[in-house]
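Structure assessment
One-letter residues, chain by chain:
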Amino acid sequence: MNDAPGIMISAPSSGAGKTTVMLGLLRALADGGMRVQPFKSGPDYIDPAFHLAASGRASFNLDTWAMGEELLNAIAAQAQGAEICVAEGSMGLYDGVATRGQSGFGTSAETALRMGWPVVLVVDVSGQAQSAAAGALGFRMYNPDLPFAGVILNRVASPRHERLTAMGMEKAGLKVLGALPRRGDLTLPERHLGLIQAVEHPDLEAAIAGYAAFLREHVDLDAIKAAARGKPAIQGGALPPPPAQRIALAQDAAFSFTYPHLVEGWRAAGAEVLPFSPLADEVPDAGANLVWLPGGYPELHAGQLAAADTFRAGLRRHAETRPVHGECGGYMALGAGLIDKEGQRHAMVGLLGLVTSYEKRRFHLGYRQAELLASLPGFPAGALLRGHEYHYSMILEQPDAPLARVADADGNPVPETGSHRRNVTGTFFHLITGEET
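Residues numbered from 1 in each chain as written. Predicted model: local features only at pLDDT ≥ 70, side-chain atom pairs only at ≥ 80, totals over all residues. Heavy atoms only, no water.

Some details on the overall build of the protein
What counts is decided by this rule: Only runs of H or I of at least four residues qualify as helices and only runs of E of at least two qualify as strands under DSSP, and these elements are numbered from the N terminus. As a reference, a globule follows 2.2 Å times the number of residues to the power 0.38, and the radius of gyration itself is taken over C-alpha atoms. Residue burial is assigned from relative accessible area. The probe radius is 1.4 Å, only protein chains are included, and a residue is buried under 20% of its type maximum, exposed over 50%, and partly exposed in between. What makes two residues a contact is simply this: any of their non-hydrogen atoms within 4.5 Å.
In terms of helices and strands, the protein carries 12 helices and 22 strands. In summary, the protein has a C-alpha radius of gyration of 22 Å against a globular reference of 22 Å for 437 residues, a match within 12%. Dimensions of the protein along its principal axes, counting C-alpha atoms only, are 70 × 45 × 40 Å. Within the protein, buried positions represent 57% of all 437 residues. Within the protein, contacts between residues separated by at least 24 positions form 75% of all contacts whose residues are at least 6 apart in sequence.

Given below as structure tokens:
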């Protein structure tokens, strides 16, 4: 683990504006000459790409439900050479699951406690003034052991509103680190899984530069830097090993949801990662030992994927002798067909019999624990895995053998078991790690 001090950007709930604050703060600190290491608390795979764009350093997930102590140590060590760590929380500060995972319940508060990072609470004060302090004080006192740096007031309506809200915070003994006036142009574009991908933002650089300028004007950056703390370094632990020596990894707007710690672990162990684009009708490298199709938005590009004859033929050739694995969107692309939101069916690669529909959709969200019934690249049958599922698509047909027994965080079975056929495997959950013993 690295000794760089850090802070945790969190909020009472989703939608309070912490991502805007996070991106602006990363860029403002980097523009000021600091080496900034971003992290994301929890299983989000979209935010880290925005963090990279804002800071110039790869961002990594820290997840106390899915990850054991050894992996948390190894991921924290990725801050080597940084002067400050800035982590973005998920959902509300204390939101997690009911059943303890490998080292906790998956809350941002747990991550902050484990790392020793004081919390900067972003509070949406619209519709209230001094009353906002009562809620913020509740978050401060809910766990008195949690280090707490102060609050950033967001969506402030006027100087009078700021003055009254700050008075309440002062009475509650909470340090105000900044006050952000209400601005409608600070909202990042979203779609059904949350933010759009960083690669799709129409002008991401200009947006981040604007957030940084906004924070420099309205937030006390020196106070935030002074508040950063951290626990002493913990040695030991390793990132997940590669499932093959040469891995062809699909990477484009349809397939981009890959946890950074996995790919970094593959490269650190000497594996060669070979990106290719199915949307550009590219074939995986002929010398690859494994093709890995991550999640993404194939339902938005189904027609283009169906017309990518060169990609589909190349993937089928690979699967004749070597393994192919797909996660979520990648799993859908490996199937026989995908029905888009207009109800039109598109032929997919056909290596599995899976047929999915985005026309008939239902929200699937949550941690997943899986016991493999057959081997998956990098894991033998019987291995226990931890992951996360987040999609709207429904399974209409799944004729192949189930890949795993899958349950949610509380141990309740879920029907999305994944499937396998010869050299091809797929899951609807995104792999985070195998269980530590």
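Quick word on helix H1 (residues 18-31)
Rules: Given the number of residues in a helix, its expected span is that number minus one, multiplied by 1.5 Å.
A rise of 1.5 Å per residue sets the reference length of H1, with its 14 residues, at 20 Å; its end C-alpha atoms lie 20 Å apart and thus fit the reference within 8%. Across the 14 residues that make up H1, a large majority, 12, are buried. Taken as a whole, H1 has its buried residues at Lys 18, Thr 19, Thr 20, Val 21, Met 22, Leu 23, Gly 24, Leu 25, Leu 26, Arg 27, Ala 28 and Leu 29. At the exit of H1 stands Gly 33, carrying a positive phi of roughly 95°.

As for the sheet that holds strand E21 (residues 424-427)
Let me state the cut-off plainly: When DSSP finds at least two bridges between two strands, those strands are taken to pair. With axes taken as lines fitted to C-alpha atoms, and helix axes fitted only over the stretch in contact, angles between N-to-C directions fall between 0 and 180 degrees.
Read from one edge to the other, the open sheet built from seven strands follows the order E11-E10-E12-E13-E21-E20-E18, with strand pairing classed as mixed. Lying at the two open borders of the sheet, with one neighbouring strand each, are strand E11 (272-276) and strand E18 (401-402). Of the pairings in the sheet, the one linking strand E10 (residues 246-250) to strand E12 (residues 290-293) comprises three bridges and is parallel in character. For Leu 249, the partnering residue across the bridge sits in E12 and is Trp 292. Contacts between helix H9 (residues 260-268) and the sheet are confined to E10, E11 and E12, with E11 contributing the most and set at about 130° to the helix. On top of the sheet, helix H11 (residues 309-319) reaches E11, E12, strand E13 (324-327) and E21; it is set at about 130° to E12, its chief contact.

A word on the packing of aromatic side chains
Where we set the bar: Between 30 and 60 degrees the pair is tilted, below 30 it is stacked and above 60 it is edge-to-face, where a pair is any two Phe, Tyr or Trp rings, Trp via its six-membered ring, whose centres lie within 6.5 Å. Only when the NZ atom of a Lys or the CZ atom of an Arg is both within 6 Å of the ring centre and within 35 degrees of the ring normal do we say a charge sits over the ring.
Applying the stated criterion across every chain, the model contains 12 aromatic pairs. A ring pair is formed by Tyr 45 and Phe 257, whose centres lie 4.6 Å apart and whose planes are at 25°; its orientation type is stacked. Here Phe 257 lies in the loop between E10 and H9 and Tyr 45 lies in the loop between strand E2 (36-41) and helix H2 (47-55), a separation of 212 residues in the sequence. Each member of the aromatic cluster is reached from another via a ring pair, and the members are Tyr 45, Phe 257, Tyr 259 and Tyr 297. A cation over an aromatic ring shows up here: Arg 183 above the ring of Phe 214, its NZ or CZ 4.6 Å from the ring centre. Over the ring of Trp 65 we find Arg 386, and its NZ or CZ is 4.2 Å from the ring centre.

What about the packing of helix H5 (residues 131-142) against helix H6 (residues 159-172)?
The following threshold applies: Put simply, angles under 35 degrees are roughly parallel, angles over 145 are roughly antiparallel, angles from 65 to 115 are roughly perpendicular, and the rest are oblique. For any pair of crossing helices, the crossing counts as left-handed if the nearer helix is rotated counterclockwise from the farther one by less than a right angle, and right-handed if it is rotated clockwise. Each residue receives one of three labels: charged for Asp, Glu, Lys and Arg, nonpolar for Ala, Val, Leu, Ile, Met, Phe, Trp, Tyr, Cys and Pro, and polar for the others, Gly being one of them.
Between H5 and H6, the least distance of the axes is 7 Å, while the angle of their chain directions is 40°. In terms of their interaxial angle, H5 and H6 are classed as oblique. You can see that H5 and H6 cross each other, and the crossing is right-handed. Listed contacts from H6 to Ala 132, Ala 133, Ala 136 and Leu 137 of H5 are Thr 165, Gly 168, Met 169 and Ala 172. For the contact of H5 with H6, a count of residues per class yields six nonpolar, two polar and no charged.

Section: the sheet that holds E2
Pairing within the open sheet is parallel, and its seven strands lie in the order E3-E2-E4-E1-E5-E6-E7. At either end of the open sheet lies a strand with only one pairing partner, and these are strand E3 (60-62) and strand E7 (176-181). Put simply, the sheet's adjacent strands are angled 25° from each other on average, direction ignored. The strands that helix H3 (residues 69-76) touches are E2 and E3; relative to E3, the one it contacts most, it runs at about 145°. Along the sheet, H6 makes contact with strand E6 (148-156) and E7, crossing E6 at roughly 155°.

Re the pattern of salt bridges
Which entries qualify depends on this criterion: Salt bridge, as used here, is a side-chain nitrogen of Lys or Arg placed within 4 Å of a carboxyl oxygen of Asp or Glu.
Evaluation of the coordinates by the stated rule reveals 15 salt bridges. For Glu 371, the salt bridge is made with Arg 405, and the minimal N-O distance between the two is 3.3 Å. On the criterion of sequence distance, the pair formed by Glu 371 in strand E16 (residues 355-372) and Arg 405 in strand E19 (residues 404-407) is long-range, its members being 34 residues apart. Glu 371 gets classed as partly exposed once you look at its relative accessible area, which sits at 30%. When its relative accessible area of 49% is taken as the criterion, Arg 405 is described as partly exposed. Overlapping salt bridges bring together Lys 40, Asp 47 and Glu 88 as one network.

Looking at the nonpolar core
Keep this limit in mind: Joining through side-chain atoms within 4.5 Å is the link that ties buried Ala, Val, Leu, Ile, Met, Phe, Trp, Tyr and Cys residues into a set, and such a set is a nonpolar core.
By size, the foremost hydrophobic cluster in this structure holds 102 residues, and its most contacted members are Ile 9, Leu 25, Phe 39 and Val 86. In this view, Val 86 contacts Ile 7, Ile 9, Met 22, Leu 25, Leu 26, Leu 29, Val 36, Gln 37, Pro 38 and Phe 39; residues no more than four positions away in its chain are not counted. Counting 32 residues, the second largest nonpolar core, distinct from the first, contains Ala 250, Phe 255, Tyr 331 and Met 348.

Some thoughts on the side chain of Arg 386
Mapped onto the fold, Arg 386 is located in strand E17 (residues 384-397). Apart from the residues lying within four places of it in its own chain, the contact partners of Arg 386 are Trp 65, Ala 66, Gly 101, Gln 102, Arg 368, Gln 369, His 430, Leu 431, Ile 432, Thr 433 and Glu 435.

Structural notes on H3
Counting buried residues along H3, six of its eight residues qualify, which places the element largely inside the surrounding structure. Those residues of H3 that fall on the buried side of the exposure criterion are Leu 71, Leu 72, Asn 73, Ala 74, Ile 75 and Ala 76. Lining the buried residues of H3 we find E2, E3, helix H4 (108-115), H9 and strand E22 (430-434).

Topic: the environment of Ser 41
Put simply, the rule reads: Pairing of N or O atoms within 3.5 Å defines a polar contact, subject to two protein rules: one partner must be a possible hydrogen donor and the other a possible acceptor, and residues neighboring in sequence count only if both atoms are side-chain atoms.
With respect to the helices, strands and loops of the structure, Ser 41 is situated in strand E2. Judged by relative accessible area, which is 2%, Ser 41 ranks as buried. Each C-alpha atom of the pair Ser 41 and Glu 88 lies 6.0 Å from the other, and the pair is 47 residues apart in sequence. Non-local contacts of Ser 41, meaning those with residues more than four positions away in its chain, are made with Met 8, Leu 62, Glu 88, Gly 89, Ser 90, Thr 107, Ser 108 and Thr 111. Engagement of the side chain of Ser 41 in a polar contact is seen with the side chain of Thr 111, the distance being 2.9 Å.

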